[in-house]
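Summary of structural features
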Amino acid sequence: MSSFTTHLSPTQGFHPAAISKITFPSSALSSCSLHLHFALPPLLFVDPHELTERSLSYLYNHWGSRDLEKPVHALPGNEQDSEVLLTVKLLEHDDDSQQSGFVTSTVELPMHVRYGVPVNRFGEENYAHVHVSWPSVFLQCSSSSPLANTTGQGPTPPLPYHVLSTLSAVTPSNLIIPIPPRLSHLSSPAQEPGFAHNNISIPLGSRLDLLVVEPGTAFTVLVCFSWLALASLKAALRLAGGRHHHGAEKLHEKKS
């Protein structure tokens, strides 16, 4: 039976990856395309340049902010959330997979974390715990596909209009076959899209650190500036002394 799982690795830090393992009928290899639609919370984003480097594995469409440096509280209201649609390049699998009637494809989406809103506390509580929904995974098949009459695959994922428009532009077919998530504590795939999610812990800055960071930064900058000024002064005096000595030697030669 078709299903998929998704997990985050690592589950802490600033550079997690969503790793999805998808099982689907081998007959889809020749008549369908495989897609994953991610809806990311404001604290997570993808780097389009990084995704371009994975063109051998999948193609992508991205909606949302492309500013990689902005902290989450500086994002405009219409760019808080971002979306990614992956179109996986399906490869022929080995004979054993073909004989079983199903194949498994693993897809990795690298992500990054924006700087969150600083908090007024110290210690281990300086983390934001964020829910990251599993992607909507589905096959888009031609009407002549062997899977065209497939039933019982679960409800169609509620894809936004701009995603459906992109799919129609790439493959003019309206036949979408959803692949349901399989949760580890369930004996069968979950039937409710958006039900499954992962959790990630994201470090936050503390405003209380400013009491040390700001004076320390100012002192460090002042020391570095003073060192550069002193080194420049010594170099200038050395060059000036060298020119004076060279001029005195020439004057002495002329007199002699």
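Shown above is the structure to which this text applies.
To start, this report covers the structure provided alongside it. Just so it is clear, the model here is predicted, and its values are computed rather than measured.

Analysis parameters
Residues numbered from 1 in each chain as written. Predicted model: local features only at pLDDT ≥ 70, side-chain atom pairs only at ≥ 80, totals over all residues. Heavy atoms only, no water. Helix = DSSP H or I, 4+ residues; strand = E, 2+ residues; numbered from the N terminus. Buried < 20%, exposed > 50% of the residue type's maximum accessible area, 1.4 Å probe, protein only. Contact = heavy atoms within 4.5 Å. Areas by Shrake-Rupley, 256 points an atom, 1.4 Å probe, with all protein chains shown as cover. Disulfide = S-S within 2.5 Å. Core = buried A, V, L, I, M, F, W, Y, C linked by side-chain atoms within 4.5 Å. Pairing = 2+ DSSP bridges. Axes fitted to C-alpha atoms, helices over the stretch in contact; angles between N-to-C directions. Phe/Tyr/Trp six-rings, centres within 6.5 Å; stacked < 30°, edge-to-face > 60°. Lys NZ or Arg CZ within 6 Å of the ring centre and 35° of its normal. Patch = residues over 30% accessible without salt bridge, like charges linked within 9 Å, V, L, I, M, F, W, Y side chains within 5 Å. Salt bridge = Lys/Arg side-chain N within 4 Å of Asp/Glu carboxyl O.

**Regarding the overall build of the chain**
On a plain count of helices and strands, the chain comes out with four helices and twelve strands. Buried positions account for 37% of the 256 residues belonging to the chain. Considering only contacts in the chain between residues 6 or more positions apart, those separated by 24 or more positions represent 79%. Of the roughly 15300 Å² of accessible surface on the chain, 58% is carried by carbon and sulfur atoms.

**Details of the state of the cysteines**
Tallied over the full model, the rule gives one disulfide. A sulfur-sulfur distance of 2.0 Å marks the disulfide that ties C32 to C141. Here C32 and C141 share a disulfide; its torsion about the S-S bond, 105°, makes the bridge right-handed. One end of the pair, C32, is in strand 3 (residues 32–40); the other, C141, is in strand 10 (residues 136–141), with 109 residues separating them in the sequence. Relative accessible area serves as the criterion here: at 0%, C141 is assigned to the buried category.

**With respect to unusual backbone geometry**
For residues besides glycine, phi is generally negative; the peptide bonds are generally trans as well. That bond from S9 to P10 is cis: its omega, -5°, falls within 30 degrees of zero. Assignment of secondary structure puts P10 in the loop between strand 1 (3–9) and strand 2 (17–25).

**What about the nonpolar core?**
One finds I22, F24, L109 and L139 to be the most contacted residues of the largest nonpolar core, which totals 42 residues. Among the nonpolar cores identified, the runner-up in size contains six residues, and F138, V163, L167 and I176 belong to it.

**Side note on the sheet that holds strand 3**
The strand order across the open sheet built from five strands is 5-6-3-10-11, with neighbouring strands paired in antiparallel fashion. The open sheet is flanked by strand 5 (58–63) and strand 11 (175–179), the only strands paired with a single partner. Direction aside, the axes of adjacent strands within the sheet are offset by 25° on average. Pairing geometry for strand 10 and strand 11, over five bridges, is antiparallel. When the bridges of strand 11 are listed, L139 appears paired with I177.

**Some thoughts on the side chain of T6**
Of note, T6 is situated in strand 1. What makes T6 buried here is its relative accessible area of 5%. Not counting residues within four places of it along the chain, the set of residues in contact with T6 comprises A18, I19, S20, W134, P135 and N198.

**Section: the sheet that holds strand 2**
With respect to topology, three strands assemble into an open sheet ordered 1-2-7, the strand pairing being antiparallel. Unpaired on one side and paired on the other, strand 1 and strand 7 (102–110) mark the two borders of the sheet. The mean angle between the axes of side-by-side strands here comes to 15°, regardless of whether they run parallel or antiparallel. Both strand 2 and strand 7 contribute to a ladder of nine bridges, which runs antiparallel. When the bridges of strand 7 are listed, I22 appears paired with S105.

**Examining the environment of P158**
Following the sequence through the fold, P158 ends up in the loop between strand 10 and helix 3 (161–170). A relative accessible area of 66% places P158 in the exposed class. Separated by 22 residues in sequence, P158 and S136 have C-alpha atoms that sit 8.5 Å apart.

**Digging into the packing of aromatic side chains**
The final tally for this structure, using the stated rule, is two aromatic pairs. Relative to Y115, the ring of F14 has its centre 5.8 Å away and its plane inclined at 55°; by these criteria the two rings are tilted. Here F14, found in the loop between strand 1 and strand 2, pairs with Y115, found in the loop between strand 8 (112–113) and strand 9 (127–133); they are 101 residues apart in sequence, far enough to count as distant. Of the residues examined, F14 reaches a relative accessible area of 29% and is grouped as partly exposed. Overall, Y115 belongs to the exposed group, its relative accessible area being 58%. Above the ring of F45, the side-chain terminus of R114 is found at 4.5 Å from the ring centroid.

**Things to note about a nonpolar patch on the surface**
Taken together, the side chains of L211, V212 and V213 make up a nonpolar region of the molecular surface, amounting to roughly 320 Å² of accessible area. Within the secondary structure, V213 sits in helix 4 (residues 210–255).

**With respect to the pairing of strand 10**
Here strand 10 lies mainly inside the structure; six of its six residues are buried. The alternating pattern of strand 10 places S136, F138 and Q140 and V137, L139 and C141 on opposite faces, both of which are buried. In this sheet, strand 10 lies alongside strand 3 in antiparallel orientation, the contact comprising six bridges. Considered in strand 10, the bridge of S33 is made with Q140.

As far as function goes, none of this settles anything; it's purely spatial.
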